[in-house]
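Observations on chain architecture
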Amino acid sequence: MSTVSEGATPGFLVWRLSMKWRVAVDRAVAPLGLTHAQYALVATLFGMRRGGLRPSQRQLADHTGLEALYVSKLARALEAAGLVDRVRDPADPRAVQLSLTTEGQQVARRAIQVVQRLHEQFLQPLGGPDSARTQAFTDELRTLLGAPLDPSAASTDIGIMEETS
């Protein structure tokens, strides 16, 4: 694996770390017939079900950070695989509620165990999941995730710089 440059920007490092994690999860859950994105949906549905929720596709998209259209595509594939049920929301006929089938619950449970082991391995360089360094890292990630980003403002700034050059 290539070494990451000392001069790499934080954005590049976040991208590289997210790609490293995505690839590792893809490989870890592939034997269960899942991709990383599908795992994100079934694991989230598993957790929400334990909380007594049956989310709509929109709610699941908002919770996972995935685009609603992508969640719909993933949900259809998971439904075809027999892991997810999609039903119209009785309170809103435009919305589709998602839940795991019995088989989906079994696959989700196994996948969560696999990814938890991978998660422990991932955090070992920081001292493991319960270390102070991991907690500080988690806090920093929450700060960054909570900060608003406006891509259109960044594009506007480029146009302004070009005009003044």
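This text gives an overview of the structure that appears in the document. Worth saying up front: this structure is predicted, and the values here are computed from it rather than measured. (Residues numbered from 1 in each chain as written. Predicted model: local features only at pLDDT ≥ 70, side-chain atom pairs only at ≥ 80, totals over all residues. Heavy atoms only, no water.)

1. Digging into the packing of helix α2 (residues 36-50) against helix α5 (residues 102-123)
Basically, it comes down to this: In this analysis, axes come from line fits to C-alpha atoms, helices being fitted only over the stretch in contact, and the angle between any two N-to-C directions falls in the range 0 to 180 degrees. What counts as a helix is a DSSP run of H or I of at least four residues, what counts as a strand is a run of E of at least two, and both are numbered from the N terminus. Our angle categories are set so that under 35 degrees counts as roughly parallel, over 145 as roughly antiparallel, 65 to 115 as roughly perpendicular, and the remainder as oblique. Between two residues, a contact is recorded if the distance between any of their heavy atoms is within 4.5 Å. Just so you know the grouping, Ala, Val, Leu, Ile, Met, Phe, Trp, Tyr, Cys and Pro go in nonpolar, Asp, Glu, Lys and Arg go in charged, and all remaining residues, Gly too, go in polar.
The geometry of α2 relative to α5 is characterised by a closest axis approach of 9 Å and an angle of 110 degrees between their N-to-C directions. In terms of axis orientation, α2 runs roughly perpendicular to α5. Of the residues in α5, those in contact with Tyr39, Val42, Ala43, Phe46 and Arg49 of α2 are Gln105, Ala108, Arg109, Ala111, Ile112 and Val115. Classifying every residue of the contact of α2 with α5 gives eight nonpolar, one polar and two charged.

2. Some thoughts on helix α6 (residues 132-146)
Using the following cut-off: Multiplying 1.5 Å by the helix residue count minus one yields the expected span of that helix. Think of it in three bands: residues with accessible area under 20% of the maximum for their type are buried, residues over 50% are exposed, and the middle band is partly exposed, with areas taken using a 1.4 Å probe on protein chains only.
Its 15 residues give α6 an end-to-end C-alpha distance of 21 Å, which sits within 8% of 21 Å, the value for a rise of 1.5 Å per residue. In terms of burial, α6 is largely open, as just one of its 15 residues are buried.

3. Some details on the nonpolar core
In summary, soluble globular proteins display a tendency toward joint burial of nonpolar side chains. What counts, and what does not: Only buried Ala, Val, Leu, Ile, Met, Phe, Trp, Tyr and Cys residues count toward a nonpolar core, and they belong to the same one when joined by side-chain atoms within 4.5 Å.
Core analysis: the biggest nonpolar cluster contains 28 residues, and Leu34 and Tyr39 have the highest contact counts within it. For this core, the elements supplying multiple residues, two or more each, are α1 (10-29), α2, α3 (57-64), α4 (68-80), β2 (92-100) and α5. The biggest single contributor to this core is α2, with eight residues. Among residues more than four places away in sequence, those in contact with Leu34 are Asp26, Val29, Tyr39, Val42, Leu78, Leu83, Val107 and Ala111.

4. A few points about the packing of aromatic side chains
Convention followed: In this scheme Phe, Tyr and Trp rings, the latter by its six-membered ring, pair at centre separations within 6.5 Å, and the angle between planes marks the pair as stacked below 30 degrees, edge-to-face above 60, and tilted otherwise.
Under the counting rule described, the total for this entry stands at two aromatic pairs. The interplanar angle of 35 degrees and the centroid separation of 5.9 Å between the aromatic rings of Phe12 and Trp15 together place this pair among those described as tilted. One end of the pair, Phe12, and the other, Trp15, are both in helix α1, three residues apart, so they sit about a helical turn from each other. With relative accessibility at 36%, the residue Phe12 sits in the partly exposed group. With relative accessibility at 46%, the residue Trp15 sits in the partly exposed group. Ring centres of Trp21 and Phe122 lie 4.9 Å apart, and the angle between their planes is 50 degrees; on these two criteria the pair is classed as tilted. With Trp21 in helix α1 and Phe122 in helix α5, this pair connects stretches of sequence that are 101 residues apart.

5. As for the packing of α3 against α4
As a reminder of what qualifies: Crossing handedness follows the turn of the near helix against the far one: under a right angle anticlockwise gives a left-handed crossing, and clockwise gives a right-handed one.
Where α3 contacts α4, the axes come no closer than 9 Å and their chain directions differ by 115 degrees. Regarding the angle of α3 to α4, the classification is roughly perpendicular. You can see that α3 and α4 cross each other, and the crossing is right-handed. Here α3 contributes Gln57, Arg58, Leu60, Ala61 and Thr64 to the contact with α4, which in turn contributes Ala68, Val71, Ser72 and Ala75. The class makeup of the residues in the contact of α3 with α4 is five nonpolar, three polar and one charged.

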